[in-house]
Amino acid sequence: MPRNRLPIRRFLVALALTLTTLTSVGWPRVSDAEPQAFHHIEINKLLVGYNGNMNIQAVELKLISAGEVFVAGAFIAVYDSVGDPVATLGTFANNVANGSVGDRILCATAGFASAFSITPDLVINPGIPMVTGQVSFETPTCLINSLPYGNVLARVSGTSNATPLPPHGATVLVRTADNPFVPSCPLAENAAQRFQLRGAGNASPHVFQNNARDTAQVWTTVTLVEPEPVPPVVRRLSASPNPFTARTTVRLPDRASRVSVYDVRGRLVRSWEPSSYESGELGAAVHWDGRDEGARQLPSGLYFMEAVTTQGPIRGRVILLRQGLEEHHSH
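So, here's what we can say about the structure. Quick caveat, the model's predicted, so the values are computed rather than measured.

### With respect to the overall build of the protein
Thinking step 1. Broken down by element type, the protein carries 4 helices and 20 strands.
Thinking step 2. In the protein, which comprises 331 residues, the share counted as buried stands at 44%.
Thinking step 3. Restricting the contact set of the protein to residue pairs at least 6 apart, pairs at least 24 apart contribute 61%.
Thinking step 4. As presented, the protein carries roughly 17,500 Å² of accessible surface, and 55% of it is formed by carbon and sulfur atoms.

### Quick word on the packing of aromatic side chains
Thinking step 1. In total, this model carries 6 aromatic pairs according to the counting rule given.
Thinking step 2. With a centroid separation of 6.3 Å and an interplanar angle of 85 degrees, the aromatic rings of Phe-92 and Phe-137 are classed as edge-to-face. With Phe-92 in the loop between strand 4 (85-91) and strand 5 (104-108) and Phe-137 in strand 7 (residues 133-139), the pair connects residues that are 45 residues apart, well separated along the chain.
Thinking step 3. Residue classification places Phe-137 among the buried positions, given a relative accessible area of 2%.
Thinking step 4. Where Phe-112 meets Phe-208, the ring centres are 5.4 Å apart and the plane angle is 70 degrees; that geometry is what we call edge-to-face. Here Phe-112, found in helix 2 (residues 110-116), pairs with Phe-208, found in strand 11 (residues 206-209); they are 96 residues apart in sequence, far enough to count as distant. Assigned by exposure class, Phe-112 and Phe-208 land together as buried.
Thinking step 5. Of note, Lys-45 hangs over the ring of Phe-208, and the distance from its end group to the ring centre comes to 5.7 Å.

### Focus: the state of the cysteines
Thinking step 1. Tallied over the full model, the rule gives 1 disulfide.
Thinking step 2. The disulfide partner of Cys-142 is Cys-185, and the S-S distance across this bridge is 1.3 Å. In this structure, the disulfide formed by Cys-142 and Cys-185 twists by about 95 degrees around the S-S bond and is classed as right-handed. One end of the pair, Cys-142, is in strand 8 (residues 142-149); the other, Cys-185, is in the loop between strand 9 (172-175) and helix 3 (191-194), and 43 residues separate them in sequence.
Thinking step 3. The class for Cys-185 is partly exposed, based on a relative accessible area of 37%.

### Notes on the sheet that holds strand 8
Thinking step 1. Spatial strand order, 4-3-7-8: 4 strands in an open sheet with antiparallel pairing. The sheet is open, and its two borders are formed by strand 4 and strand 8, each paired with just one other strand. The mean angle between the axes of side-by-side strands here comes to 20 degrees, regardless of whether they run parallel or antiparallel.
Thinking step 2. The sheet contact formed by strand 3 (residues 75-79) and strand 7 spans 5 bridges and is antiparallel. Note on strand 7: the bridge partner recorded for Val-78 is Val-135.

### Remarks on the pattern of salt bridges
Thinking step 1. Counted under the stated rule, the structure contains 14 salt bridges.
Thinking step 2. Close ionic contact of Arg-104 with Glu-60 constitutes a salt bridge, the shortest N to O distance being 3.2 Å. Remark: Glu-60 occurs in strand 2 (residues 58-63) and Arg-104 occurs in strand 5; sequence separation between them is 44 residues. For the pair Arg-104 and Glu-60, one class covers both residues: buried.
Thinking step 3. Arg-270 serves as the salt-bridge partner of Glu-293, at 3.9 Å between the closest nitrogen and oxygen. On the criterion of sequence distance, the pair formed by Glu-293 in the loop between strand 18 (283-288) and strand 19 (301-309) and Arg-270 in strand 16 (residues 268-272) is long-range, its members being 23 residues apart.
Thinking step 4. Look at Glu-293 and you get partly exposed, because its relative accessible area is 49%.
Thinking step 5. Three or more residues joined by partner-sharing salt bridges are found here, namely Glu-42, Arg-175, Glu-189 and Arg-194.

### Thoughts on the pairing of strand 7
Thinking step 1. Most of strand 7 sits out of view: 7 of its 7 residues are buried.
Thinking step 2. The alternating pattern of strand 7 places Gly-133, Val-135, Phe-137 and Thr-139 on one face and Gln-134, Ser-136 and Glu-138 on the opposite face, and all of these are buried.
Thinking step 3. In this structure, strand 7 lies alongside strand 8, joined through 7 bridges in antiparallel fashion. When the sheet's bridge partners are listed, Glu-138 is paired in strand 8 with Leu-143.
Thinking step 4. Counting the residues in the hairpin turn of strand 7 and strand 8 gives 2 residues.

### What to know about a nonpolar patch on the surface
Thinking step 1. Where nonpolar side chains cluster on the molecular surface, the patch consists of Val-264, Leu-302 and Ile-319 and spans about 230 Å² of accessible area.
Thinking step 2. Within the secondary structure, Ile-319 sits in strand 20 (residues 312-320).
Thinking step 3. Under the relative-accessibility criterion, Ile-319 is labelled partly exposed at 34%.

Reading the values: the criteria
- Residues numbered from 1 in each chain as written.
- Predicted model: local features only at pLDDT ≥ 70, side-chain atom pairs only at ≥ 80, totals over all residues.
- Heavy atoms only, no water.
- Helix = DSSP H or I, 4+ residues; strand = E, 2+ residues; numbered from the N terminus.
- Buried < 20%, exposed > 50% of the residue type's maximum accessible area, 1.4 Å probe, protein only.
- Contact = heavy atoms within 4.5 Å.
- Areas by Shrake-Rupley, 256 points an atom, 1.4 Å probe, with all protein chains shown as cover.
- Phe/Tyr/Trp six-rings, centres within 6.5 Å; stacked < 30°, edge-to-face > 60°.
- Lys NZ or Arg CZ within 6 Å of the ring centre and 35° of its normal.
- Disulfide = S-S within 2.5 Å.
- Pairing = 2+ DSSP bridges.
- Axes fitted to C-alpha atoms, helices over the stretch in contact; angles between N-to-C directions.
- Salt bridge = Lys/Arg side-chain N within 4 Å of Asp/Glu carboxyl O.
- Patch = residues over 30% accessible without salt bridge, like charges linked within 9 Å, V, L, I, M, F, W, Y side chains within 5 Å.

Shown next, in the form of structure tokens:
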């Protein structure tokens, strides 16, 4: 027993020294962590155009936790309906000053700043898609919060889409409920439940606010008619022949930025960029041979086509019938 006391005594001395060191330096605390790690900033309002002018756009952010001022390096980005990045519209060079719960951060185009005499915290380039698209506030390591709206097929985050957002009048997607107060990234967004599409007249304008707490009142100058937003005109992609066995031609609308084909499970199997479009008397077109991106033959069945345009997505269906299946049915 006496021989065992020395190792125990050494252990206790070492433990005491460790505790003394931790006490002098300070225990690690949640508050010592990098403030950016909490990302309690959400998208609060979204304007994609004013009286049809898409150079006037704005994204208002809202602090849902105190101290969320560390935005240097964060940026506003946009994505298309299938979740592919379209553009980064602007990046914060500096942090903001006011970090109380409920403070705002205004990201807006120069056109918005000029029209409503307010200084944005971040000047962004025009480019937020009208009707259908996805806008995000993110850092290089975290997509903090995104707002999908319209006919989005593949969300970059979140569980639902807000209603389509046209650029007419002073139509804005406005948040009606905050995200849960948890340090998660991305924030658990439910856009269909938490955003409403609202117009505004001079009696009840939208109020956008920057971090200096200056405000801009946004309401339409077209007061005689304040129409309810209507869905875009439905157009369909057509393929000929349809059904097809070896090759079909898909005619494209003007200014299609991307064409994609999906299987019945929603998986992307083939896509084309504008550089691969074929131009002719009937307009642009792509040819599909029933193969995927790896040149592998796809099975017979129903496939869905989508062209992404500035007016929103346009879709259609096509049926692929392999020769063997046709011959089997002919007997």
